Amino acid sequence: MAVKVVAFDMGGVMVRSFDTLLPIFAQYHIGKPDQELMYQMLNEMCRGLWSEEDFWRLYAERTGIKIQVPEGGWLLRGFEPRLDQETVDLVFHLKQAGYRVVCATNTISIHYAWHIAHGQYAMFDKVYASHLMHEVKPEAGFYKAVVAGEGVQAGEVFFCDDNQINVDGARTCGLYAERYVSAGQIQEELKKVGVLPC
């Protein structure tokens, strides 16, 4: 089955320097287990059902750690993701070759708005954002929504993500999927499935 759509994750694939939790870990001396819980909760927040206020209230309830939230919140503070130019170039190369290229991202509303304001989604034919879909990777509902939205079969979508669990979730749903390490590595994987010439 020929690939018709190539889907890229955003954080860790298209952009770098997007983690806003690291300063909190340092300031509050938060240990590994509670750090992991915060990341898990942030992923759940990507479902679009919590505000930032809800997030910190629930975190305090679950850990006993009360985070003092500055004006404007923590989750946008220092959020200045930088596009990876080689991966951007790959996106445009695919578009020039006639492929539909989309972004499939777990995100929260304030980060989504930042990316839009800075034009970082403009290269894509469509953005599948978890907080709008109310579905998150690596759950099957996320990938099924992308496939349905594109009007193709699962095997006609190539998906890349820097998180192996998200790659595994996509494969379970029948998508071609590879873990992103670099633009060059993904380009080689695309050649293997006939998307780009060898």
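What you are looking at is a predicted structure, and each value in this text was computed from that prediction instead of being measured.

**Thoughts on the packing of aromatic side chains**
Next, step 1: Applying the stated criterion across every chain, the model contains seven aromatic pairs.
Next, step 2: Ring centres of tryptophan 56 and tyrosine 59 lie 6.3 Å apart, and the angle between their planes is 85°; on these two criteria the pair is classed as edge-to-face. Taken together, the positions of tryptophan 56 and tyrosine 59, both in helix α3 (residues 52-63) and three residues apart, correspond to about one turn of that helix.
Next, step 3: Ring centres of phenylalanine 79 and tryptophan 114 lie 5.5 Å apart, and the angle between their planes is 80°; this geometry places the pair in the edge-to-face category. Here phenylalanine 79 is found in the loop between α3 and β3 (82-83), whereas its partner tryptophan 114 is found in helix α5 (residues 109-117), with 35 residues between them in sequence. Each member of the pair, phenylalanine 79 together with tryptophan 114, is buried.
Next, step 4: Here the aromatic cluster, defined as three or more aromatic residues joined through ring pairs, consists of Phe55, Trp56 and Tyr59.
Next, step 5: Sitting over the ring of tryptophan 74, arginine 77 keeps its end group 5.2 Å from the ring centre.

**Quick notes on the environment of threonine 107**
Next, step 1: Along the chain, the position of threonine 107 falls in the loop between β4 (100-105) and α5.
Next, step 2: Every residue in contact with threonine 107, bar those within four places of it in the chain, is listed here: Cys46, Tyr112, Tyr121, Ala129, Ser130 and His131.

**Quick notes on unusual backbone geometry**
Next, step 1: Look at the link from lysine 137 to proline 138: it is a cis peptide, with omega at 10°.
Next, step 2: Along the chain, the position of proline 138 falls in the loop between α6 (130-133) and α7 (140-150).
Next, step 3: Positive phi outside glycine occurs at serine 17, with the angle close to 60°.
Next, step 4: With respect to the element layout, serine 17 can be found in the loop between β2 (15-16) and α1 (22-28).
Next, step 5: Look at histidine 29: it is not a glycine, yet its phi comes out positive at around 50°.
Next, step 6: If you trace the backbone, histidine 29 turns up in the loop between α1 and α2 (32-45).

**With respect to the sheet that holds strand β1 (residues 5-8)**
Backbone hydrogen bonds are what pair the strands of a sheet, in a parallel or an antiparallel way.
Next, step 1: One open sheet accounts for five strands, arranged β5-β4-β1-β6-β7; its pairing is parallel. The outermost strands of the open sheet, each flanked by one partner alone, are β5 (126-129) and β7 (176-179). Taken over all neighbouring pairs, the strand axes of this sheet differ in orientation by 20° on average, direction set aside.
Next, step 2: Here strand β6 (residues 157-161) runs beside β7; their pairing, made up of four bridges, is parallel. In the strand pairing of β7, phenylalanine 158 is matched with tyrosine 176.
Next, step 3: Against the sheet, helix α8 (residues 164-172) contacts β6 and β7, and its axis sits at roughly 170° relative to β7.

**Describing α8**
Next, step 1: Listing the buried residues of α8 in full gives Asn166, Val167, Gly169 and Ala170. Within α8, the buried residues cover an arc of 160° as seen down the axis, which keeps them to one side.
Next, step 2: If you follow the buried residues of α8, they end up packed against α7, β6 and β7.
Next, step 3: If you check the start of α8, you find a side-chain oxygen 3.1 Å away from the backbone N of isoleucine 165, and it comes from asparagine 163.
Next, step 4: After α8 finishes, the residue glycine 174 shows a positive phi value of roughly 95°.

**Regarding the pairing of β6**
Next, step 1: Of all five residues in β6, five are buried; the element is thus mostly enclosed.
Next, step 2: Here β6 shows no split at all, with Val157, Phe159 and Asp161 on one side and Phe158 and Cys160 on the other all buried.
Next, step 3: Taking the sense of rotation as the criterion, the β-α-β connection linking β6, α8 and β7 turns out right-handed.

**Some thoughts on the pattern of salt bridges**
Next, step 1: Applying the stated criterion across every chain, the model contains 13 salt bridges.
Next, step 2: With a shortest N-O distance of 2.9 Å, aspartate 125 and lysine 95 are connected by a salt bridge. Separated by 30 residues along the polypeptide, aspartate 125 in the loop between α5 and β5 and lysine 95 in helix α4 (residues 85-96) bring together distant segments of the chain.
Next, step 3: The partly exposed category is assigned to aspartate 125, whose relative accessible area is 35%.
Next, step 4: Each of Asp9, Lys137 and Asp161 takes part in salt bridges that share partners, so that together they form one network.

Criteria and thresholds
- Residues numbered from 1 in each chain as written.
- Predicted model: local features only at pLDDT ≥ 70, side-chain atom pairs only at ≥ 80, totals over all residues.
- Heavy atoms only, no water.
- Phe/Tyr/Trp six-rings, centres within 6.5 Å; stacked < 30°, edge-to-face > 60°.
- Helix = DSSP H or I, 4+ residues; strand = E, 2+ residues; numbered from the N terminus.
- Buried < 20%, exposed > 50% of the residue type's maximum accessible area, 1.4 Å probe, protein only.
- Lys NZ or Arg CZ within 6 Å of the ring centre and 35° of its normal.
- Contact = heavy atoms within 4.5 Å.
- Pairing = 2+ DSSP bridges.
- Axes fitted to C-alpha atoms, helices over the stretch in contact; angles between N-to-C directions.
- Arc of directions from axis to C-beta.
- Polar contact = N/O pair within 3.5 Å; in protein donor to acceptor, adjacent residues only side chain to side chain.
- Right-handed = clockwise from strand over helix to strand, strands pointing away.
- Salt bridge = Lys/Arg side-chain N within 4 Å of Asp/Glu carboxyl O.

Function cannot be inferred from these measures alone, as they are strictly geometric.
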